[in-house]
Amino acid sequence: MRIENVLDDMVDMIKADTYFSNIRVIKAYPCSTAPTHLADETIAIGIDKISFSSMSVDESSREGDIAVFIDIFIPLKLSSSRASDILSGLCRCFRDLHVLSVRADRMTVHVDTAAYLLRTVFTFNNEIEVV
């Protein structure tokens with residue numbers, strides 16, 4: 001995995017899956033004005049944590065973990081159960097990656113966007129390329 005490409009690669013993987021064709025997928029904190037209320041289901045993705053080290057002494061290869069948060073927003077007009085459906089779809093989408101763990105927090109209501117929010121974190125372990 002290349003650190004500078006990991007989010008773009010994951011967004012591309014999600015968008016390539018037809019299950020997500022009606023779901024907006026964005027990198028978190030884009031350089032734009034935030035919407036006040038979401039009209040569509042939205043997935044926001046960003047880096048949560050990265051830790052890696054050399055694979056052995058005098059070795060330039062590195063191995064480690066990359067944790068990526070994926071916030072799932074469901075407009076209040078839709079059923080909150082859609083969040084678990086979307087989470088299942090994400091797990092299926094990333095099945096070929098080296099997934100160490102998946103964590104989902106308690107669902108909340110995000111008042112600013114008038115949406116249910118399910119915060120998740122996917123942690124991957126792989127060789128990490130740093131340029």
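Since we're looking at a predicted model, the values are computed, not measured. Every chain begins its residue count from 1, and numbering advances along the sequence as written. Where totals are concerned, whole chains, interfaces and linings use all residues; where local detail is concerned, this predicted model gives features only for residues with pLDDT of at least 70, and gives and counts side-chain atom pairs only at 80 or more. Based on all heavy atoms of the structure, the side-chain values leave hydrogens and waters out of the count.

### Thoughts on the environment of R119
- By the criteria applied, helices consist of DSSP H or I runs no shorter than four residues and strands consist of E runs no shorter than two, each listed in order from the N terminus. For R119, the location among the structural elements is in strand β6 (residues 115-128).
- Relative accessible area decides the class of each residue, using a 1.4 Å probe on protein chains only: under 20% of the type maximum gives buried, over 50% gives exposed, and in between gives partly exposed. Taking the relative accessible area as the measure of exposure, R119 reaches 40% and is therefore partly exposed.
- Spatially, the C-alpha atom of R119 lies 4.6 Å from that of D71, the residues being 48 residues apart in sequence.
- With sequence-adjacent residues up to four places away left out, R119 is seen in contact with I70, D71, R103, A104 and D105.
- As used in this structure description, the phrase polar contact means that two N or O atoms lie within 3.5 Å; if the pair is within protein, one of them must be able to donate a hydrogen and the other to accept it, and residues adjacent in sequence are counted only when both atoms belong to side chains. There is a polar contact of 3.0 Å between the side chain of R119 and the side chain of D71. Contacts were defined at the residue level, with two residues in contact if any of their heavy atoms lie within 4.5 Å.

### Digging into the pairing of strand β2 (residues 42-54)
- Relative to β2, strand β1 (residues 24-27) is paired through four bridges, and the arrangement is parallel. Bridging from a neighbouring strand, R24 pairs with T42 of β2.
- Where β2 meets strand β3 (residues 62-75), 12 bridges bridge the pair, whose relative direction is antiparallel. If you follow I45 over to β3, its bridge partner there is I70. Whether two strands pair depends on DSSP finding at least two bridges between them.

### A word on the pattern of salt bridges
- Salt bridge, as applied in this entry: a Lys or Arg side-chain nitrogen positioned within 4 Å of an Asp or Glu carboxyl oxygen. This model, assessed by the stated rule, comprises six salt bridges.
- Residue D17 is joined to R92 by a salt bridge in which the shortest nitrogen-to-oxygen separation is 3.0 Å. You can see D17 sitting in the loop between α1 (6-16) and β1 and its partner R92 sitting in helix α2 (residues 82-93), a full 75 residues away along the chain.
- On the basis of relative accessible area, D17 is assigned to the buried category, the value being 16%.

### So, the environment of S51
- For S51, the location among the structural elements is in strand β2.
- The residues touching S51, leaving out its near neighbours within four places in the chain, are G64, D65 and I128.

### So, a nonpolar patch on the surface
- A surface patch of nonpolar side chains, amounting to about 210 Å² of accessible area, comprises I47, I50 and F52.
- When you line up the elements, I47 lands in strand β2. Like charges are joined within 9 Å and nonpolar side chains (Val, Leu, Ile, Met, Phe, Trp, Tyr) within 5 Å, but only among residues with over 30% relative accessible area and no salt bridge; these make up the patches. All accessible areas in this document rest on Shrake-Rupley with a 1.4 Å probe, and a residue is counted as covered only by the protein chains that are shown.

### Quick look at the nonpolar core
- We call a set of buried residues a nonpolar core when its members are Ala, Val, Leu, Ile, Met, Phe, Trp, Tyr or Cys and they connect through side-chain atoms within 4.5 Å of each other. Within the largest apolar cluster, 25 residues are counted, with the highest numbers of intra-cluster contacts made by I43, I70, I72, L90 and F94.
- Every element with two or more residues in this core is listed here: α1, β2, β3, α2 and β6.
- Not counting the four nearest positions on each side in its chain, L90 is found in contact with I14, F20, I43, I70, I72 and F122.
- Membership of the second largest hydrophobic core comes to nine residues, among which are L38, F69, L117 and V121.

### Focus: the packing of aromatic side chains
- The criterion for an aromatic pair is that two Phe, Tyr or Trp rings (for Trp, the six-membered ring) have centres within 6.5 Å, with stacked assigned to planes under 30 degrees apart, edge-to-face to planes over 60 apart and tilted to the rest. Tallied over the entire structure, the rule returns four aromatic pairs.
- Ring plane angle 80° and centroid distance 5.3 Å describe the contact between F94 and F122, whose orientation is recorded as edge-to-face. Placement of F94 in the loop between α2 and β4 (99-104) and of F122 in strand β6 is noted, with a sequence separation of 28 residues between them.
- Taking the relative accessible area as the measure of exposure, F122 reaches 1% and is therefore buried.
- On the basis of an interplanar angle of 85° and a centroid distance of 6.0 Å, the ring pair of F94 and F124 is categorised as edge-to-face. Placement of F94 in the loop between α2 and β4 and of F124 in strand β6 is noted, with a sequence separation of 30 residues between them.
- Judged by its relative accessible area of 0%, F94 is buried.
- For F124, a relative accessible area of 0% puts it in the buried group.
- Taken together, F94, F122 and F124 form an aromatic cluster joined through their ring pairs.

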